[in-house]
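These are the residues of each chain, in order.
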Amino acid sequence: VRMQRYGFTVAVALMMIGLAAGVAGPAAAEEARVNLAAEREPVQSVAAQISEQTGVQVAITANTDTDLTGQLENRTVEEAVAMLAEGAEASWLRLYLLETVPPQVPYSAEELLARLSDAREELLEGLTEERRRELLRPVARPARDDAEPARDAAQMLAGPGGGVAAVRAAREDAPEGRGGIAAMGQYDDQIRRLLLPGREDTISLDLTMIPFSEALAEFTVASGFFVLADEGIDGTVTLSSEDAPVEEVLDEIAEAGGAIWRPVYVVGQPRPLTQQERAERVEQMRERGEEAVNRMWSEFWQRPPEERAQWVDRGVNLIQRVSERMEDVPPERRRRMERLSGRIFDHMVGYSTRLTPEQRLEIRPLLQALARARAD
């Protein structure tokens with residue numbers, strides 16, 4: 001069974017979470033299956049057929065314009081969505097809506113992404129710095145034997161309920177067919193930015209009489225999935241679950257708020273950036289990088305002298321190990337690493353001019369290690 005984009009063929013193996021109107025349960029998830037055949041059919045139409053057969057909304061962004069050809073037999077919705085997205089060279093995600101009454105007109109993909117972006121920002125603002133870093137830390141997943149190195153970043157976000165498009169690099173000098181991290185700086189992929197790493201379909205969660213909004217935040221931290229709740233849903237939540245399916249936990253949360261929940265999928269192709277947008281993004285990344293480096297050095301100089309010495313030694317050893325491995329790195333990646341090490345060296349030299357003679361002496365081993373790596 002195969003589904004193909006015009007000029008792009010992918011093997012189809014597809015999957016789902018079922019729901020009619022109301023709270024979905026395991027039986028509904030098993031019964032809802034996708035069976036369809038498409039011949040040069042718009043991705044919007046294929047998504048509509050998946051939604052009609054399963055009762056699960058599959059929202060496609062307006063910029064996603066692709067024709068698909070293929071046949072799906074007895075497939076679940078999540079499998080169907082995942083391979084629809086792959087055939088369309090799009091990213092995708094699963095989220096949950098918590099409502100008292102579903103809307104008469106389904107939310108558009110853009111409306112869902114806007115609400116999801118607000119929910120993500122609100123969640124991160126409510127977490128401590130430690131929990132925020134833990135939530136956003138990429139989860140290293142084993143790479144397939146045939147995986148391209150350029151897709152490592154996408155594999156970090158792999159897992160249930162979402163996937164990242166392997167986009168083609170927009171630069172004219174990029175290797176043919178090169179995608180993943182090589183092209184991310186050339187595209188705007190809103191779905192990729194909203195996907196949380198480490199998503200799990202079973203979670204352990206203990207809550208005792210906590211406000212409804214806090215319960216939703218705890219659910220997202222535990223599972224990696226966002227829940228968008230309608231205004232006015234309130235209450236307190238008490239539950240205890242251990243390695244329970246996320247849907248069962250949502251049942252209890254929804255019951256506490258007198259609401260119903262349903263899954264929704266959003267699929268969208270990354271949008272190529274204009275030259276001006278790429279320049280602005282580079283500048284933003286540079287500014288954020290400088291801020292992060294300044295914070296790092298501020299924390300460094302606040303450490304006791306013996307800890308600073310250990311930090312410098314570790315840095316020197318890391319630079320040496322990376323330099324030794326450069327011979328085994330493919331040429332294209334080696335050139336990128338060399339450009340990066342050159343920028344780091346230039347930054348370090350510039351930074352050292354703002355230090356006292358004593359401070360420069362303290363970090364000199366780092367500067368020497370970077371200079372040797374650059375010369376090699």
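These numbers were taken from a predicted model, which means no experiment stands behind them. Counting restarts for each chain, with residues numbered from 1 along the sequence as it is written. It should be noted that, the model being predicted, local features are given only for residues of pLDDT at least 70 and side-chain atom pairs only at 80 or more, the latter also being counted only at that level, while totals for whole chains, interfaces and linings use all residues. Heavy atoms throughout the structure, all of them, feed into the side-chain values; hydrogens and water do not.

Caption draft 1: The arrangement of the overall build of the protein in detail. Secondary structure summary: the protein contains 13 helices and 13 strands in total. Accessible area is worked out with a 1.4 Å probe on protein chains only. A residue is then buried under 20% of its type maximum, exposed over 50%, and partly exposed in between. Out of the 376 residues belonging to the protein, those deemed buried represent 41%. By definition in these notes, contact holds between two residues if any of their heavy atoms fall within 4.5 Å. Of the contacts formed within the protein by residues at least 6 apart in sequence, a portion of 73% connects residues at least 24 apart. Each accessible area value is a Shrake-Rupley result obtained with a 1.4 Å probe; residue values ignore everything except the protein chains displayed when judging cover. Summing over all exposed atoms, the protein offers an accessible surface of approximately 20,500 Å²; the carbon and sulfur share of this is 49%. Per the convention used, a helix needs a DSSP run of H or I reaching at least four residues, while a strand needs a run of E reaching at least two, with both numbered from the N terminus.

Caption draft 2: View of the pattern of salt bridges. Salt bridges are identified by distance alone: a Lys or Arg side-chain nitrogen within 4 Å of an Asp or Glu carboxyl oxygen. Considering all chains together, one arrives at 11 salt bridges under this definition. The salt bridge partner of R262 is E99, with a shortest N-O separation of 2.9 Å. Here R262 is found in strand β12 (residues 260–268), whereas its partner E99 is found in strand β6 (residues 91–99), with 163 residues between them in sequence. Judged by its relative accessible area of 0%, E99 falls in the buried class. Between R115 and D230 there is a salt bridge, and its shortest N-O distance comes to 3.9 Å.

Caption draft 3: Summary view of a negative patch on the surface. Candidates for patches are residues over 30% relative accessible area with no salt bridge; among them, like charges are joined within 9 Å and nonpolar side chains (Val, Leu, Ile, Met, Phe, Trp, Tyr) within 5 Å. Under the counting rule used here, the positive set is Lys and Arg, the negative set is Asp and Glu, and His together with the chain ends is not counted. Lys charges are placed at NZ, Arg charges at CZ, Asp charges at CG and Glu charges at CD. On the surface, a cluster of negative charge is contributed by D118, E121, E122 and E125. Residue position: E122 is located in helix α4 (residues 109–125).

Caption draft 4: Broad picture of unusual backbone geometry. The backbone of R40 shows a phi angle near 55 degrees, a positive value even though the residue is not glycine. Locating R40 in the fold gives a position in strand β3 (residues 34–42). R40 gets classed as exposed once you look at its relative accessible area, which sits at 52%. Positive phi, close to 50 degrees, is recorded for M209, a residue that is not glycine.

Caption draft 5: Geometry of the confidence of the model for the protein. Residue-level confidence of the predictor is summarised by pLDDT, bounded by 0 at the bottom and 100 at the top. Averaged over all residues, the pLDDT of the protein is 81; the fraction at 70 or higher stands at 82%. Note that pLDDT drops below 50 for residues 143–151; the model gives that stretch 11 contacts with residues more than four away or on any other chain.

Caption draft 6: Just the side chain of R262, in detail. A relative accessible area of 13% means that R262 is categorised as buried. Polar contacts, as counted here, are pairs of nitrogen or oxygen atoms within 3.5 Å of one another; within protein the pair requires one atom able to donate a hydrogen and one able to accept it, and residues that are adjacent in sequence qualify only if both atoms are side-chain atoms. Only 2.9 Å separates the side chain of R262 from the side chain of E99, close enough to count as a polar contact.

Caption draft 7: Quick peek at the packing of α4 against helix α5 (residues 129–136). All axes here are fitted lines through C-alpha atoms, helices being fitted over the stretch that makes contact, and every angle between N-to-C directions spans 0 to 180 degrees. Between α4 and α5, whose axes approach to 9 Å, the crossing angle comes to 135 degrees. In terms of orientation, α4 and α5 fall into the oblique class. In this structure, α4 uses R120, L123, L124 and E125 to contact α5, whose residues at the interface are R132, L135 and L136. Any residue that is not Ala, Val, Leu, Ile, Met, Phe, Trp, Tyr, Cys, Pro, Asp, Glu, Lys or Arg is counted as polar, Gly included; the first ten are nonpolar and the last four charged. A per-class count over the contact of α4 with α5 returns 4 nonpolar, no polar and 3 charged. Put simply, angles under 35 degrees are roughly parallel, angles over 145 are roughly antiparallel, angles from 65 to 115 are roughly perpendicular, and the rest are oblique.

Caption draft 8: Structural context of the environment of G235. Among the structural elements, G235 can be located in the loop between β10 (227–229) and β11 (236–245). G235 sits in the partly exposed class, given a relative accessible area of 25%. Excluding residues within four positions of it along the chain, G235 makes contact with I210, P211, F212 and A256.

Caption draft 9: Highlighting the environment of A158. Residue position: A158 is located in the loop between α6 (152–156) and β7 (162–163). Accessibility expressed as a relative area gives 28% for A158, which makes it partly exposed. For A158 and P138, which are 20 residues apart along the polypeptide, the C-alpha to C-alpha distance reads 10.0 Å.

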